[in-house]
Amino acid sequence: MYLVQFLLLSSILFCIGVYGVLARRNAVLVLMSIELILNAVNINLIAFGAFNGAQIPAEVFALFIIAVAAAEVGVGLALVLTIYRNSKSIDLHQVDLLKG
Amino acid sequence: MITTVASMVSAPVLGAVVAQNVFFYLIAAVMVIAALRVVTTSNIVHAALYLVVVLAGVAAQFLLLGAEFVGVTQVLVYIGAVIVLFLFGIMLTRAKVGNEDGLDHDNVIPAILTAVLLVLVMGYAVVDFAGDEEIDVLGNSPTTVEQVSDSIFSTYIVAFEAISVLLLAALIGAIVVARKE
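In this text, all values refer to a predicted model and were calculated from it rather than measured experimentally.

**What to know about the overall build of chain B**
The number of helices and strands found in chain B is six helices and zero strands. Mapped from its N terminus to its C terminus, chain B presents α and β elements in the order α-α-α-α-α-α. Here the C-alpha atoms of chain B give a radius of gyration of 21 Å, more than 25% beyond the 16 Å that 2.2 N^0.38 yields for 181 residues. With respect to the three principal axes, the spread of C-alpha positions in chain B is 65 × 45 × 30 Å. In chain B, the share of contacts with a sequence separation of at least 24, taken over all contacts with a separation of at least 6, comes to 60%.

Listed below in structure tokens is the structure:
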């Protein structure tokens, strides 16, 4: 297998995630797109680890990213719930309290 | 590291390499299609379920690259926990079951342009950088859980402690933020 296969797959996933973050206005769907981005990074890490023969550090860092992603989605969904409770909607267009 | 397929001697090895490539492209195609559905579907529950397909595909790619423990952790943490969390979030914010309007911005052209431009630039950079570098998965020594845990609890112990505190802070923070007054 070529390294470039994995790098291209992960860049495609990353860009699909970026599109989701930019184009979606439902907060939960934006969080899902962020998960896509984090997974793309993980594929990169593991592929480079296998390429360099440094598999162990790559796997450890991938595990750390998985843990951080879990923490991120927990806090993110708590914030979404609070937004929903305060404004009865998770449409990101309506979260505009900071706009004058 | 940079050996060509032709220079590998035995036929079984060549067969394994071909099988690896076939499975890579199969899984990659499924992943890309499912990821596109995640960001385009108008049913928010379907988006979560398509995300399961993508995450399972990522776990399969980890297995292909010989990172068994990370693959299993991916299934446990993502498909087991994160997706359930997402479904909870969907249910608690009372999303409509079924198709829903207004999940996208009114004008998605700039987002499409950004994503396409980004994939072109990144794709060019990646091909330019690693055009013909090979990953010799079969030549790598298999990694065991023992090695991974050894590394976490010796070399990366500081990072491990930091991530423990981060998880605790996230747990308490999520409860504090989401709790009713």
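**Details of the overall build of chain A**
Of regular secondary structure, chain A possesses three helices and zero strands. From first element to last, N terminus to C terminus, chain A shows the α and β order α-α-α. In terms of overall dimensions, chain A is more spread out than a globule: its C-alpha atoms have a radius of gyration of 17 Å, far above the 13 Å expected for 100 residues. Once the C-alpha set of chain A is aligned to its principal axes, its extents read approximately 50 × 25 × 20 Å. Among the 100 residues that make up chain A, the fraction classed as buried is 57%. For chain A, the share of sequence-separated contacts (at least 6 apart) that also reach a separation of at least 24 residues comes to 47%.

**Re helix α3 (residues 68–92) of chain B**
The α-helix advances 3.6 residues per turn, and as a result positions three or four apart in sequence lie on the same side. With 25 residues, α3 of chain B should reach 36 Å at 1.5 Å per residue; the first-to-last C-alpha distance of 35 Å fits that figure. Y78 of chain B marks the point of greatest bend in α3 of chain B, at about 25°. Buried within α3 of chain B are the following residues: V70, G71, T73, Q74, Y78, V82, F86, G89 and I90 of chain B. Those residues of α3 of chain B that are buried are in contact with α2 (27–52) and α3 (55–87) of chain A together with α2 (44–64) of chain B. Backbone geometry just after α3 of chain B places R94 of chain B at a positive phi near 50°.

**Some remarks on the packing of helix α1 (residues 3–23) of chain A against helix α1 (residues 11–40) of chain B**
Between α1 of chain A and α1 of chain B, whose axes approach to 9 Å, the crossing angle comes to 5°. On the basis of the axis angle, α1 of chain A is roughly parallel to α1 of chain B. Counted together, Q5, L9, I12, L13, I16, Y19, G20 and A23 of chain A of α1 of chain A and F24, A28, M31, V32, A35, L36, V38 and V39 of chain B of α1 of chain B form the full contact between these two elements. Looking at the contact of α1 of chain A with α1 of chain B residue by residue, the class counts come to 14 nonpolar, two polar and no charged.

**Looking at the confidence of the model for chain B**
Looking at chain B as a whole, the pLDDT averages 87, with 93% of positions reaching at least 70. Model confidence for the complex is summarised by a pTM of 0.89, with the ipTM given as 0.91.

**What about the interface of chain B and chain A?**
Counting residues at the interface gives 73 residues for chain B, matched by 59 residues for chain A. When residues in the side of chain B that touches chain A are grouped by element, the largest group, 12 residues, is from α3 of chain B. Here the side of chain B that touches chain A is composed, by residue class, of 51 nonpolar, 18 polar and four charged.

What counts, and where the lines are drawn
- Residues numbered from 1 in each chain as written.
- Chains lettered and ligands numbered in written order.
- Predicted model: local features only at pLDDT ≥ 70, side-chain atom pairs only at ≥ 80, totals over all residues.
- Helix = DSSP H or I, 4+ residues; strand = E, 2+ residues; numbered from the N terminus.
- Rg over C-alpha atoms; globule rule 2.2 N^0.38 Å.
- Contact = placed C-beta atoms within 7 Å.
- Buried ≥ 20, exposed ≤ 12 C-beta atoms within 10 Å, placed from the backbone.
- Expected span 1.5 Å × (residues − 1).
- Bend = angle between axes of the 7 residues up to and from the residue.
- Axes fitted to C-alpha atoms, helices over the stretch in contact; angles between N-to-C directions.
- Parallel < 35°, antiparallel > 145°, perpendicular 65-115°, else oblique.
- Nonpolar A, V, L, I, M, F, W, Y, C, P; charged D, E, K, R; others polar.
- pLDDT = per-residue confidence, 0-100.

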